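Topology and contacts: notes
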Amino acid sequence: MTTSRRLQEWFPWTASPAVCNGPMLGVVSPALATEVTKAGGIGFLASVFDLSPDSPQLGKLDADLREARALLGDADGSPVRVGVSVITGHGSVSHFAATTLPVLARHRPAAVWLFAPAEDVKPHAAIVAAVREALGRPGEEQQQGTGGGGGGGGPRVFVQVGNVAAAREAVRDGADVVVCQGVDAGGHQFTKGAGVVSLVPEVRAMLAREEEFRGREVAVLAAGGIVDEAGAAAAMALGAEGIVMGTRLTAFIQFTVAKESIYPDFRKKIVLETVDGGATTFKSTFNDRINNNPLWRPPYDGRAITTAIHEKFLAGVSLEECQRILKEEYAAEDSAKLIGTWAGTGVGLVTKPQATGDIVREVREGAKERIRSLAGSL
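Residues numbered from 1 in each chain as written. Predicted model: local features only at pLDDT ≥ 70, side-chain atom pairs only at ≥ 80, totals over all residues. Heavy atoms only, no water.

Moving on, we get to the overall build of the chain. Counting its regular elements, the chain contains 15 helices and 10 strands. Taken against the 2.2 N^0.38 rule, which gives 21 Å for 378 residues, the C-alpha radius of gyration of the chain at 20 Å falls within 12% of a compact globule. In terms of principal-axis extent, the alpha carbons of the chain reach across some 60 × 60 × 40 Å. Looking at the 378 residues of the chain, the share that counts as buried comes to 57%. Within the chain, residue pairs in contact and separated by at least 24 positions form 69% of the contacts whose partners lie at least 6 positions apart. Accessible area of the chain: about 14,900 Å², with a carbon and sulfur share of 53%. Distance from the positive charge centre (39 side chains) to the negative charge centre (43 side chains) of the chain: 2 Å. (Helix = DSSP H or I, 4+ residues; strand = E, 2+ residues; numbered from the N terminus. Rg over C-alpha atoms; globule rule 2.2 N^0.38 Å. Buried < 20%, exposed > 50% of the residue type's maximum accessible area, 1.4 Å probe, protein only. Contact = heavy atoms within 4.5 Å. Areas by Shrake-Rupley, 256 points an atom, 1.4 Å probe, with all protein chains shown as cover. Lys, Arg positive; Asp, Glu negative; His and termini not counted. Charge placed at Lys NZ, Arg CZ, Asp CG, Glu CD.)

Next up on the list: the sheet that holds strand 2 (residues 80-87). The strands making up a sheet associate through backbone hydrogen bonding, with each pair oriented either parallel or antiparallel. Taken together, 7 strands build an open sheet; the order of strands is 1-8-7-5-4-3-2 and the sheet is parallel. The open sheet has two edge strands with one neighbour each: strand 1 (18-21) and strand 2. The sheet shows a mean angle of 25° between the axes of neighbouring strands, direction not considered. As paired strands, strand 1 and strand 8 (residues 242-245) are joined by 4 bridges and run parallel to one another. When the sheet's bridge partners are listed, Ala18 is paired in strand 8 with Gly242. Against the sheet, helix 7 (residues 196-209) touches strand 4 (156-161), strand 5 (177-181) and strand 7 (219-223), its axis set at about 170° to strand 7. (Pairing = 2+ DSSP bridges. Axes fitted to C-alpha atoms, helices over the stretch in contact; angles between N-to-C directions.)

Right, let's get into the layout of surface pockets. Within this model, the largest pocket holds a volume of roughly 290 Å³. Surrounding the largest pocket, 20 residues form its lining, Lys122, Ala166, Phe190, Pro299 and Tyr300 being those nearest its centre. Every element with two or more residues in the lining of the largest pocket is listed here: strand 4 and helix 6 (164-173). Here the element with the most residues in the lining of the largest pocket is helix 6; it accounts for 5 residues. Classifying every residue of the lining of the largest pocket by side-chain character gives 11 nonpolar, 4 polar and 5 charged. (1 Å grid on protein atoms, 1.4 Å probe; cavity = no way out; pocket = protein on both sides within 12 Å on 5 of 7 lines; lining within 4 Å. Points joined across faces, edges and corners; volume = space filled by probe spheres on them. Nonpolar A, V, L, I, M, F, W, Y, C, P; charged D, E, K, R; others polar.)

With that settled, consider the pattern of salt bridges. Scanning the entire structure with this criterion turns up 23 salt bridges. With a closest N to O distance of 2.8 Å, Asp74 and Arg81 form a salt bridge. For Asp74, a relative accessible area of 11% translates into the label buried. (Salt bridge = Lys/Arg side-chain N within 4 Å of Asp/Glu carboxyl O.)

With that settled, the discussion passes to the packing of helix 4 (residues 96-107) against helix 5 (residues 124-135). The contact between helix 4 and helix 5 brings their axes to 10 Å, and the two run at 45°. With respect to each other, helix 4 and helix 5 are oriented oblique. Crossing of helix 4 against helix 5: the hand is right-handed. For the pair helix 4 and helix 5, the contacting residues are Phe96, Leu101, Leu104 and Ala105 in the first and Ile127, Ala130, Val131, Ala134 and Leu135 in the second. Its residues assigned to classes, the contact of helix 4 with helix 5 shows 9 nonpolar, no polar and no charged. (Parallel < 35°, antiparallel > 145°, perpendicular 65-115°, else oblique. Left-handed = near helix turned anticlockwise from the far one by under 90°.)

Before going further, it helps to examine the packing of helix 3 (residues 56-72) against helix 4. Here helix 3 crosses helix 4 at 10°, and the two axes come no closer than 10 Å. For the element pair helix 3 / helix 4, the angle class is roughly parallel. From helix 3, Leu58, Leu61, Asp62, Leu65, Arg66 and Arg69 reach across to helix 4, where they touch Thr99, Thr100, Val103, Arg106 and His107.

On to the packing of aromatic side chains, then. Here the structure, examined in full by the defined rule, presents 12 aromatic pairs. Summarising the aromatic geometry, the rings of Phe282 and Phe313 are spaced 6.5 Å apart at their centres and angled 50° between planes, so their arrangement reads as tilted. Of the two residues, Phe282 sits in strand 9 (residues 281-284) while Phe313 sits in helix 12 (residues 308-314), which places them 31 residues apart along the sequence. For Phe282, a relative accessible area of 16% translates into the label buried. Three or more aromatic residues link up through ring pairs in this structure, and these residues are Phe11, Trp13, Phe44, Trp113 and Phe158. Over the face of the ring belonging to Trp10 we find Arg156, whose NZ or CZ atom lies 3.9 Å from the ring centre. (Phe/Tyr/Trp six-rings, centres within 6.5 Å; stacked < 30°, edge-to-face > 60°. Lys NZ or Arg CZ within 6 Å of the ring centre and 35° of its normal.)

Looking at the secondary structure, you find Asp176 in the loop between helix 6 and strand 5. A distance of 2.6 Å separates a polar atom in the side chain of Asp176 from a polar atom in the side chain of Arg132. Dropping the residues within four chain positions of it, Asp176 is found in contact with Trp10, Arg132, Pro138, Pro155, Arg156, Val157, Glu217, Val218 and Ala219. (Polar contact = N/O pair within 3.5 Å; in protein donor to acceptor, adjacent residues only side chain to side chain.)

Let us look at the nonpolar core. One recurring pattern in soluble globular proteins: nonpolar side chains tend to sit buried together. Of all hydrophobic cores here, the largest spans 99 residues; its most connected members are Phe11, Phe158 and Val203. Setting aside anything within four residues of it in sequence, one finds Phe158 in contact with Phe11, Ile42, Phe44, Ala111, Val112, Trp113, Leu114, Val177, Val179 and Leu221. Counting residues in each nonpolar core, the second largest holds 10 residues, with Ile290, Cys322, Ile325 and Ile339 among its members. (Core = buried A, V, L, I, M, F, W, Y, C linked by side-chain atoms within 4.5 Å.)

Let's shift gears to the confidence of the model for the chain. In the predicted model, the chain carries a mean pLDDT of 91, and the fraction of residues at 70 or more is 93%. Every residue in residues 142-150 scores below 50 in pLDDT, and together they form 33 contacts with partners more than four places removed in sequence or on other chains. Every residue in residues 247-253 scores below 50 in pLDDT, and together they form 54 contacts with partners more than four places removed in sequence or on other chains. (pLDDT = per-residue confidence, 0-100.)

Another point: empty space enclosed by the protein. One pass over the structure, following the stated rule, counts 1 cavity of 30 Å³ or more. Taken together, Gly89, Ala116, Pro117, Ala118, Glu119, Leu295, Arg297, Pro298 and Tyr300 form the lining of the largest cavity. Along the lines of polarity and charge, the residues of the lining of the largest cavity split into 6 nonpolar, 1 polar and 2 charged.

Right, dumping it as structure tokens:
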């Protein structure tokens, strides 16, 4: 199949260029994910990271998959046309086969997205192997019916990366789709990364150049700072087969203010009022250290909208003093508004809330029109 049509072969309900939402914690609802799918994109449910026995997150994932199936009208026993996401840096990742795999086998999502393994643990190869053993390899028929993206077999595996070394590791681990997240992204990302302008072409070149990857069917998505049709068209020109939009893990702001988003209203307001994202967002480990979040450790940091507490830190106030100020000088409600509004540098281009399906269609069709216009001007 041609590179440009690969995702449409794997996910037959999609239109080109493919648009995915980031699996954002605290933002994505089943309604949002399914609206992306209904509009011809690939919808992802919110990420989980606690894979321990009796994890409330896995209970919610099970319920969200049931809700997504009902919203999409997918028949019982057939694959459900949304993806799931696992943040793999939590200490409970060793329980994946025992706790998470049964949920996936029960619902058979179209895709599984992996991100952020700890530096001292490399679980992705084992997770990919376990998923394929339990749910089948993509493209292969199973006795209980077709799976994954509609071509038979198990789900396609997406792995989010921020540099070429991570992309190489992801493909060696068995990834079907490499999500190339540039440093303009909001939310969590690689501390040492590149922008999509250099990352996507270099990953493409790596896939074509390295002998062990020749003949492999690996799709490339672009993520990071893409919020409109112009960004989507640029990503396609770079060699991406689709884009990711969202915030938190992949950090594209449009979806955070979508009507189906469960993002708190005060954070939606902050996003809509923020402009000049290069100056008003801050990529740093500070965004997690300020509230002692143990999940995000090296080699990851995150980009969030700056507030008064960020300005203090940037002016030289210590982390410990910033933590004291948040706790003692602000009411809890006001303190929450000063941290944790994840956003990419494209935040200034987001000016109005829209329904999720409208965003997907507007970006996809607008990107195609941009490309046609450019071609006509040459």
